[in-house]
Each structure stands twice: as C-alpha cells, then as structure tokens.
Amino acid sequence: ETNWGGIWTPNGKNVAFSAERNGSANIWLQSADGSGSPEPLTQIPKALLLADAFSPDGKQLLITEIAASMNVKLLNIGSGAAPKQLLEGEFNKGNSQISPNGRWMAYESNESGLLEIYVRPFPDVNTGRWQISRDGGTRPLWNKNGREIFYFLPPGTMMSVPVETGTSFKAGD
C-alpha cells in the first residue's frame with residue numbers, strides 16, 4: 001500500500017492523494033486532522049491517477065492520468081461519474097492547475113518537443129491555448145492573486161510570468 005502526492009482542498013479540511021490499492025492508483029480523500037477513513041474519489045481498475053488541483057469552489061478536481069501518454073481529466077466531486085477527459089492525445093500533458101478565479105488552466109506538455117507551460121480557458125479547454133514558457137518549463141503554479149504564473153525551468157530555476165486573467169487571457173514576459 002503506497003500513498004503519495006497530497007493536495008489540500010480549498011477549505012483546508014481535507015487532503016486528496018493517490019493511493020495504490022489492488023494494483024490501481026486512484027484518488028482518495030482524507031480528513032486533514034486524520035479522523036475517519038480515507039474515501040475513494042475514483043475507482044478505476046488498473047489506473048494510475050495523480051491529483052493535481054481543485055477548482056476554487058472545491059467542486060472539481062484536475063487529475064493527471066498516466067497511461068500510454070499522460071492526459072488531464074476532470075472529476076466533478078460528488079457526481080458519482082467517472083472523470084472525463086479534458087486534454088488527451090499523443091503528447092504528455094499534466095501537472096494542471098486552475099487559476100484563482102476558476103477561468104483558466106495552466107499545465108505542462110511536451111507537444112513542442114520540450115516540456116513547456118501552456119494556459120487554456122477552463123473548463124472549455126478547446127477554445128484557446130497560449131504558450132507561457134519558451135525554453136522549457138515544468139510544474140506551473142498560480143500566484144494566489146491570479147496575476148502571475150510560476151514554473152520551473154530545468155534544471156531547477158524558478159521562473160515567473162505576469163498574466164491577466166479577466167474575461168480574456170494575456171501573458172507578459
């Protein structure tokens with residue numbers, strides 16, 4: 001039994017994490033104070049799922065699915081439905097994060113040949129795409145004020161890009 005990759009729910013009361021049980025790594029939810037038993041958020045056979053980020057209201061969870069390639073899925077918490085594909089295809093996509101206003105999603109993808117950081121509208125991810133990094137990038141993270149995206153430039157330099165995230169998206173240098 002292995003657990004890894006915990007992330008906080010927006011209200012700070014719970015932690016979502018990946019747990020390997022019976023040959024599958026699904027997403028589980030545990031009270032942050034350790035009380036009670038963990039409850040499964042996903043129950044997909046032979047899965048390898050990683051919890052990436054909750055929406056600001058805590059009702060949705062972005063998940064990286066590792067299969068033939070890495071894909072981004074969206075789980076509607078409490079719906080009972082399986083996670084639905086948001087980003088899929090031949091290239092790896094993952095480490096997704098939702099902006100503080102809930103309108104944008106940053107993620108990494110190797111579609112250019114290097115891992116780079118991209119932003120798309122959320123949840124309508126097919127209505128736009130902006131490349132944020134230029135010389136590689138991993139593990140994007142939004143500033144809590146929503147006006148900046150941080151990411152790592154391999155081999156470990158932290159980068160910052162100013163962004164505007166109102167009804168439209170714009171990235172600076």
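Reading guide: rules and limits
- Position numbers for residues start from 1 in each chain and track the written sequence from start to end.
- Confidence filtering applies because this is a predicted model: local features only for residues at pLDDT of at least 70, side-chain atom pairs given and counted only at 80 or more, and all residues used for totals across whole chains, interfaces and linings.
- Side-chain calculation: all heavy atoms of the structure are included, whereas hydrogens and water are not.
- We call Phe, Tyr and Trp rings a pair once their centres come within 6.5 Å, taking the six-membered ring for Trp, and we label the pair stacked below 30 degrees between planes, edge-to-face above 60, and tilted otherwise.
- Only DSSP runs of H or I with at least four residues qualify as helices, and only runs of E with at least two residues qualify as strands; both kinds are numbered from the N terminus onward.
- For two strands to be treated as a pair, DSSP must find no fewer than two bridges joining them.
- With axes taken as lines fitted to C-alpha atoms, and helix axes fitted only over the stretch in contact, angles between N-to-C directions fall between 0 and 180 degrees.
- Accessibility here uses a 1.4 Å probe with only protein chains present; expressed as a share of the type maximum, an area under 20% marks a residue as buried, one over 50% as exposed, and anything in between as partly exposed.
- Salt bridges, as used here, are contacts in which a Lys or Arg side-chain nitrogen is within 4 Å of a carboxyl oxygen on Asp or Glu.
- Among buried residues, the Ala, Val, Leu, Ile, Met, Phe, Trp, Tyr and Cys ones that are joined through side-chain atoms within 4.5 Å form a nonpolar core.
- The criterion used for residue contact is that any of the two residues' heavy atoms lie within 4.5 Å.

Asks: In this structure, what is going on with the packing of aromatic side chains? I would like to understand it.
Replies: One pair of aromatic rings is described through two measures. These are the centre distance and the angle between the planes. Using the criterion set out here, one finds four aromatic pairs in the structure. When the centroid spacing of 5.8 Å and the interplanar angle of 25° are considered together, the rings of Y107 and Y118 count as stacked. In this pair, Y107 is assigned in strand β10 (residues 104-109) and Y118 in strand β11 (residues 116-121), connecting sequence segments 11 residues apart. By the ring-pair criterion, three or more aromatic residues cluster together here, those being W104, W130 and F169.

Asks: Which parts of the structure should I look at to understand the sheet that holds strand β16 (residues 169-171)?
Replies: Consider a sheet: its strands pair through backbone hydrogen bonds, and that pairing is either parallel or antiparallel. Here we have four strands laid out as an open sheet, ordered β13-β14-β15-β16, and antiparallel in their pairing. Either end of the sheet is taken by a strand with one partner, and the two such strands are β13 (138-142) and β16. For this sheet the average axis-to-axis angle between neighbouring strands, irrespective of direction, equals 25°. Judged from the three bridges that link them, strand β15 (residues 157-165) and β16 form a sheet pairing that is antiparallel. Looking at the pairing, E164 lines up with K170 of β16.

Asks: Please clarify how the pairing of strand β14 (residues 148-153) should be interpreted in this entry.
Replies: Where a strand is regular, its side chains alternate between the two sheet faces. Here β14 shows a buried face lined by I149, Y151 and L153 and an unburied face lined by E148, F150 and F152. Linking β13 to β14, which pair antiparallel, is a turn of five residues; within it G146 sits at a positive phi near 75°. As paired strands, β14 and β15 are joined by six bridges and run antiparallel to one another. The residue of β15 that forms the bridge with E148 is P162.

Asks: Honestly, the pattern of salt bridges in this entry has me stumped. Any pointers?
Replies: When the charged atoms of two side chains lie near each other, side chains of opposite charge can form a pair. Tallied over the full model, the rule gives two salt bridges. Of the charged contacts, one joins E65 and K73 as a salt bridge, the two residues approaching to 3.6 Å between their closest N and O atoms. By the burial criterion, E65 is buried, and K73 matches it.

Asks: Could you clarify how one ought to interpret the nonpolar core in this entry?
Replies: Nonpolar side chains in soluble globular proteins tend to be buried together. Residues I7, A16, I27, L29, L41, A47, L49, A51, F54, L61, I63 and L75 constitute the largest nonpolar core, which totals 12 residues. Elements represented by at least two residues in this core include exactly β3 (24-31), β5 (49-54) and β6 (60-66). The dominant element in this core, judged by the number of residues it contributes, is β5, at three residues. Once you skip the residues sitting within four places of it in the chain, L29 turns out to touch T9, N14, V15, A16, F17, S37, P38, E39, L41 and F54.

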